[in-house]
Amino acid sequence: MELPMKVVVIGGDAAGMSAASQIKRRIKSAEVVVLEKGVDVSYGACGMPYNIGYKGDIDDLVVLTAEDFKTKRGIDVRLLSEAIGVDTKSKKVFVKSLSSDREYELKYDKLFIGSGAKASIPPIDGVDREGVFTLKILDDARKIKQFIDEKKPKKAVLIGGGFINLELAENFKRLGMDVIVLEKLDDILLNFDKGASDLAKEELKKNGVEIICGVNIEKIENDLTVKTDKGDFEADIINIAAGVKPNTEFLKNSDIELENNAIVVDRYFKTNVDDVYAGGDCALIYHRILNKNVYMPLGTNANKAGRIAGANMAGAKEEFAGIVGTIIFKVFEKGIAKTGLSLKEAIDNGFDAFETTIEAPITAHGFPHQGKVSVRLVAEHDSGRLLGAQIFGDAEAVWRIDVVAAALYANLTIKDIQGLDLAYSPPFAPVWDPILVCANQAIKKVKK
Ligand SMILES: Cc1cc2nc3c(=O)[nH]c(=O)nc-3n(C[C@H](O)[C@H](O)[C@H](O)COP(=O)(O)OP(=O)(O)OC[C@H]3O[C@@H](n4cnc5c(N)ncnc54)[C@H](O)[C@@H]3O)c2cc1C
């Protein structure tokens, strides 16, 4: 009798649990073991800033517990179990139980690595003080909530001006704190254009959040005062969100190929080693517009990677169509969204590109509520092929980015977009949707 396939999955969040579930769905007899070094699996990390701000129960973010996976899906989830090494020749994972300190080996037929990423911590003296946090896994949010409950901080300093700290700024404000964001670069929201970052800064300022860019942080004092070249900032709580780094140290002695610490995969999420797959924040992912792998650590990507890798590990041959790089987030009453490439990214990648930006109402003329949104389309001069878009303005209107993401996926041109039959009704959109208004302007710059 054939022995059941043994699968080991490293990491128990979006990518890992998607892969494990997909394998079990397709091969009931497979023995699937998930190693998770933390105490949670399958949680919605993206909801953490709001869970903190709205004082939700942290367990509301857990989709299924380790016990649920065991009883409902037959998956052996081992918490507090860290993968400390992989030998791809003998097909073994070396495991350390963090509850007992015991070390053991697990044999696999197929291995999925979904070990995610950790927050990058800049080399600043004092980052290890009590009251200095990073927010990446569910237990980080649990610790921040506990600290807020016990210490009742009134002043927050957020180091790093990316979307995670901007979401946190809104939610710390919701809890009544004074909030300052310190950014090392000259502007917040690296990867977004100036229009989007200007709107975010204006909205943050309107809501009492101070933003200081071009700051060099010298140290964090014992009392959490942040000393910088632009003055001292008192804090009761600090969060650092300055990018992430793939969790791949345990692979350093293996023959699994890494690029800038991220695992290199093909369009089936297979690594360079047979029977070893990877996906999510620890790995690269194929970008359709750039036609190459990129590092883009997002929940949408991690779920898709895990699902497709799981199917392929179970014997399917599913090729990943690729991401187009869609992202959206809220800053108080405004929303900021991007898909595809910015003009700079397009030019840097060799495209002869242009951009067109318009600002337009989001409801019909005469409708009582008159919000606004900016739409920026990036396209190729010659062919008019769409390359990217940014949409920013009133929060309820920026979902339109999904229309452009679909257009990008389908390789549409500005001319095609002009012809899209987008919905119209006064409370939802004007008769010329802002995307169509922008396409009508952009077409004038298309050469052919
Ligand atoms: C505050 C915040 C807001 C976000 N908002 C959004 C959003 O709005 N939209 C979006 O698309 N994305 C968002 N993201 C990103 C998204 O959460 C991540 O891309 C996603 O969680 C990645 O899933 P993953 O499974 O690859 O990795 P992770 O979620 O990092 O999970 C990896 C797991 O592996 C475990 N692990 C690591 N090393 C080992 C080891 N050696 N052995 C065993 N276990 C190990 C870790 O403990 C962890 O539980 C947000 C992230 C944060 C932090």
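Conventions we followed
Residues numbered from 1 in each chain as written. Predicted model: local features only at pLDDT ≥ 70, side-chain atom pairs only at ≥ 80, totals over all residues. Heavy atoms only, no water. Patch = residues over 30% accessible without salt bridge, like charges linked within 9 Å, V, L, I, M, F, W, Y side chains within 5 Å. Areas by Shrake-Rupley, 256 points an atom, 1.4 Å probe, with all protein chains shown as cover. Salt bridge = Lys/Arg side-chain N within 4 Å of Asp/Glu carboxyl O. Helix = DSSP H or I, 4+ residues; strand = E, 2+ residues; numbered from the N terminus. Domains from an automatic or database assignment. Contact = heavy atoms within 4.5 Å. Buried area = accessible area lost by both parts, 1.4 Å probe. Polar contact = N/O pair within 3.5 Å; in protein donor to acceptor, adjacent residues only side chain to side chain. Nonpolar A, V, L, I, M, F, W, Y, C, P; charged D, E, K, R; others polar. Near = heavy atom within 4 Å. Phe/Tyr/Trp six-rings, centres within 6.5 Å; stacked < 30°, edge-to-face > 60°. Buried < 20%, exposed > 50% of the residue type's maximum accessible area, 1.4 Å probe, protein only. Lys NZ or Arg CZ within 6 Å of the ring centre and 35° of its normal.

A word on a nonpolar patch on the surface. Together, Val-39, Leu-79, Leu-80 and Leu-98 line one region of the surface with nonpolar side chains, adding up to about 270 Å² of accessible area. With respect to the secondary-structure elements, Leu-98 resides in the loop between strand E5 (92-97) and strand E6 (103-107).

Domains assigned within the protein are domain 1 (6-118 + 245-313), domain 2 (121-242) and domain 3 (335-445). Centre-to-centre, using C-alpha coordinates, domain 2 lies 32 Å away from domain 3. Across the contact, eight residues belong to domain 2 and 11 residues belong to domain 3. Of the roughly 710 Å² buried between domain 2 and domain 3, counting both surfaces, carbon and sulfur atoms make up 62%. Sorting the residues of domain 2 by area buried against domain 3 places Phe-192, Asp-193 and Leu-199 first, and these three jointly supply 60% of that buried surface. Where domain 2 packs against domain 3, one counts one salt bridge. The partner of Arg-376 in a salt bridge is Asp-193, and the shortest N-O contact between them spans 3.0 Å. Applying the counting criterion to the domain 2 and domain 3 interface returns three residue pairs in polar contact (both at pLDDT 80 or more). When its residues are assigned to classes, the side of domain 2 that touches domain 3 shows five nonpolar, two polar and one charged.

All right, on to the site of the ligand then. Taken together, 34 residues lie around the ligand, and Asp-13, Ala-15, Glu-36, Asp-281 and Leu-298 are the ones closest in. At 3.1 Å from an oxygen atom of the ligand is found a main-chain nitrogen or oxygen belonging to Ala-14. Backbone polar atom of Leu-298 to an oxygen atom of the ligand: 3.4 Å apart, as the coordinates give it. In the complex, the protein chains occlude 93% of the 1,000 Å² of accessible area that the ligand would expose alone. Among the elements of the structure, helix H1 (14-26), helix H2 (48-53), strand E4 (81-87), helix H5 (163-174) and helix H7 (299-313) are those that each provide at least two residues to the shell around the ligand.

Overall, the coordinates contain four aromatic pairs when judged by the stated rule. Centroid distance Phe-133 to Phe-147: 5.2 Å. Interplanar angle 70°. Geometry classified as edge-to-face. Taken together, the residues span a long stretch of sequence, with Phe-133 in strand E9 (residues 132-133) and Phe-147 in helix H4 (residues 138-151) at a distance of 14 residues. Given the relative accessible area of 13%, Phe-133 is considered buried. Relative to Phe-320, the ring of Phe-269 has its centre 5.2 Å away and its plane inclined at 45°; by these criteria the two rings are tilted. Placement of the pair is Phe-269 in the loop between strand E19 (262-263) and strand E20 (276-278) and Phe-320 in the loop between H7 and strand E23 (327-331), with a sequence separation of 51 residues. When its relative accessible area of 1% is taken as the criterion, Phe-269 is described as buried. Residue classification places Phe-320 among the buried positions, given a relative accessible area of 4%. For the cation-ring pair, Arg-267 lies above Tyr-286, with the distance from its terminal atom to the ring centre recorded as 4.1 Å. Sitting above the plane of the Phe-192 ring, Lys-338 keeps its charged end 5.9 Å from the centroid.

This paragraph deals with the pattern of salt bridges. A side chain with one charge may pair with a side chain of the opposite charge, provided their charged atoms come close. In the structure shown here, the tally under the stated rule is 36 salt bridges. A salt bridge links Arg-78 to Asp-76, with the nearest nitrogen and oxygen atoms 2.9 Å apart. For Arg-78, a relative accessible area of 24% gives the class partly exposed. Taking the relative accessible area as the measure of exposure, Asp-76 reaches 26% and is therefore partly exposed. The partner of Glu-203 in a salt bridge is Lys-206, and the shortest N-O contact between them spans 3.5 Å. Here Glu-203 and its partner Lys-206 are both found in helix H6 (residues 194-206), three residues apart, which amounts to about one turn of the helix. If you follow the salt bridges from partner to partner, you end up with Asp-40, Asp-59, Asp-139, Arg-142 and Lys-143 in one network.

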